[in-house]
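Remarks on the overall topology
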Amino acid sequence: MSLGSDANAGSPAQTQKGVKNVVLVHGGFVDGSGWQKVYGVLKKDGYNVTIVQNPTTSLADDVAFTKRAIAAQDGPVVLVGHSYGGVVISEAGTDPKVQSLVYIAAFAPDQGESVQKLISNPPPGASVPPILPPQDGFLFLDREKFGASFAGDVPADEADFMAASQVPWGVEALGGEVTDPAWKSKPSWYLVATEDHMIPPPAQQMMAKRAGATVVEVPGSHAIYVSQPEAVAKIIQQAANGLH
């Protein structure tokens, strides 16, 4: 199934029939501000949107931040994760308020899996993310290679800013293992970014299939939530309305 960048469906009338609360979880190297454009589309269409500023220091800390955001909602929640945020929602998504999960070019680990385990054996020919050696237990991407690897379809000045404002990603978070994957008990949707140079698209497709997710494929970089907010908002709306 393909999804164009102009796919901005969903209206306030439609959202009243489904889940109205959306919680967005960012991944490694970035913060929640990257969700701003997706937030704008969803707000315009009548959703109540909360953005988690998880510290990406450890999986336990990030899950705790996310669960606090879920607890603050007044009803059922669509829980959305980008990249490493997919690990966080897989662990936090068992919360009773969470009705569905949305993975945006994200890791969707099984029980006992972590980002470290999932990236340990990349497919032949896959792009290797330019992660620098750890410094005091934290990781950064090579600033000069950030744009090409993480944000290839984001305007150059915006990608440069993302590279310059990187959030240190804790090695402990990289090794955090999921205990009870929420996708085993909650319906899931997965947006595969087909031009991703951080998480190989075949790996995304494998994880989506394993999770039994409703899959859409969109040509875009790992930062597709920044470059194509309408497409990302569309799949979130599908999940909110239970559309497969």
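Structure: above.
Attention here is on the structure that accompanies the text. (Residues numbered from 1 in each chain as written. Predicted model: local features only at pLDDT ≥ 70, side-chain atom pairs only at ≥ 80, totals over all residues. Heavy atoms only, no water.)

1. A short note on the pattern of salt bridges
So the rule is basically this: Each reported salt bridge corresponds to a side-chain nitrogen of Lys or Arg within 4 Å of a carboxyl oxygen of Asp or Glu. Put simply, DSSP marks the helices as runs of H or I at least four residues long and the strands as runs of E at least two long, and each gets a number from the N terminus on. Here's how the labels work: a residue is buried when its accessible area is under 20% of the maximum for its type, exposed when over 50%, partly exposed in between, all with a 1.4 Å probe on protein chains only.
Taken as a whole, this structure holds 6 salt bridges when the rule is applied. Across the pair Lys20 and Asp74 runs a salt bridge whose closest N-O atoms are separated by 3.4 Å. One end of the pair, Lys20, is in the loop between helix H1 (12-15) and strand S1 (21-25); the other, Asp74, is in the loop between helix H3 (59-71) and strand S3 (77-82), with 54 residues separating them in the sequence. Taking the relative accessible area as the measure of exposure, Lys20 reaches 38% and is therefore partly exposed. By relative accessible area, which is 60% here, Asp74 ends up exposed. Close ionic contact of Glu158 with Lys37 constitutes a salt bridge, the shortest N to O distance being 3.4 Å. In this pair, Glu158 is assigned in helix H7 (residues 156-164) and Lys37 in helix H2 (residues 36-44), connecting sequence segments 121 residues apart. On the basis of relative accessible area, Lys37 is assigned to the partly exposed category, the value being 39%.

2. Structural notes on the packing of H2 against helix H11 (residues 229-240)
Counted only if it meets this: For helices, the fitted axis covers only the stretch in contact; all axes are lines through C-alpha atoms, and the angles between them, taken along N-to-C directions, range from 0 to 180 degrees. Here roughly perpendicular refers to angles of 65 to 115 degrees, roughly parallel to angles under 35, roughly antiparallel to angles over 145, and oblique to all remaining angles. The hand of a helix crossing depends on one turn: near helix anticlockwise from the far one by less than a right angle means left-handed, and clockwise means right-handed. Contact definition: two residues touch when any of their heavy atoms are within 4.5 Å.
Contact geometry for H2 and H11: axes closest at 9 Å, N-to-C directions at 55 degrees. Looking at the two axes, H2 sits oblique to H11. Once H2 is placed against H11, the crossing between them reads as right-handed. Residues Lys37, Val38, Val41 and Leu42 of H2 lie in contact with H11, whose contacting residues are Pro229, Glu230, Val232, Ala233, Ile236 and Gln237.

3. As for helix H4 (residues 85-92)
Along H4, 8 of the 8 residues are buried, which leaves the element largely enclosed by surrounding structure. Regarding H4, the residues found buried are Gly85, Gly86, Val87, Val88, Ile89, Ser90, Glu91 and Ala92.

4. Quick look at the pairing of strand S8 (residues 214-218)
To keep things clear, this is the line we draw: Here the rule is simple: two strands pair whenever DSSP picks up at least two bridges between them.
Burial along S8 is one-sided: Thr214, Val216 and Val218 are buried, and none of Val215 and Glu217, which face the opposite way, are. Note: strand S7 (residues 188-193) against S8, 5 bridges, orientation parallel. In the sheet register, Tyr190 faces S8, and the bridge partner there is Val215.

5. Remarks on the pairing of strand S4 (residues 98-104)
Here is the rule: If you view a crossover with the strands going away from you and the path from the first strand over the helix to the second runs clockwise, you call it right-handed.
Burial of S4 is extensive: 6 of the 7 residues sit out of reach of the surface. Across 6 bridges, S3 lies against S4 in parallel orientation. Note on S4: the bridge partner recorded for Val77 is Val98. Note on the crossover from S3 through H4 to S4: the handedness is right-handed. Bridge count for S4 against S7 is 4 bridges, and the pairing is parallel.

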